[in-house]
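Read off the chains here:
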Amino acid sequence: MTKSDWPDWHCPNHTKRLKKEGKVLTCPGGDQFPIRNGVPRFVTTSYADAFGPEAKKYRTTQFDSYSGTTITRDRARQCVGEDLGRGACVTSIDITEAVDSN
Ligand SMILES: [Zn+2]
């Protein structure tokens, strides 16, 4: 990921712009958020933890190639527009460990 591809992340506690320093996003207010597998981690534990293993186990469920539908493609086009598949830059957020599966 190049610098221009990296979104301007802001601290959830101070709303200050975060600076990438190696594998950590650092807040001027003192917070630090690790980056693992190229994904910033803003949450350490949450009520959604139980969903992570489920999403990993059924990771193909939302693939149109698996379901034989166009539901995921249609949903993505609703969010991104017709640029989907033509170089659109998409940033997604997932509160669970399923982010490592996507
Ligand atoms: Zn902060």
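**Quick word on the domain arrangement of the protein**
Here is step 1 of the chain: Domain boundaries assigned for the protein yield domain 1 (1–42) and domain 2 (47–102).
Here is step 2 of the chain: Distance from the C-alpha centre of domain 1 to the C-alpha centre of domain 2: 23 Å.
Here is step 3 of the chain: Contact residues are listed per partner, giving four residues for domain 1 and four residues for domain 2.
Here is step 4 of the chain: Of the residues assigned to the side of domain 1 that touches domain 2, the class counts are two nonpolar, one polar and one charged.

**Digging into the sheet that holds strand β3 (residues 32–36)**
Here is step 1 of the chain: With antiparallel pairing, four strands are arranged side by side in an open sheet as β1-β2-β3-β4. One side of each edge strand has no neighbouring strand; the edge strands of this open sheet are β1 (19–21) and β4 (39–40).
Here is step 2 of the chain: Pairing analysis gives three bridges linking β1 to strand β2 (residues 24–26), with the strands arranged antiparallel. Within β2, the position partnered with K19 by the bridge is T26.

**Describing the environment of A55**
Here is step 1 of the chain: Take A55: it is sitting in helix α1 (residues 51–57).
Here is step 2 of the chain: When the C-alpha atoms of A55 and S67 are compared, they prove to be 15 Å apart, with 12 residues separating the residues in sequence.

Cut-offs and rules
Residues numbered from 1 in each chain as written. Predicted model: local features only at pLDDT ≥ 70, side-chain atom pairs only at ≥ 80, totals over all residues. Domains from an automatic or database assignment. Contact = placed C-beta atoms within 7 Å. Nonpolar A, V, L, I, M, F, W, Y, C, P; charged D, E, K, R; others polar. Pairing = 2+ DSSP bridges. Helix = DSSP H or I, 4+ residues; strand = E, 2+ residues; numbered from the N terminus.

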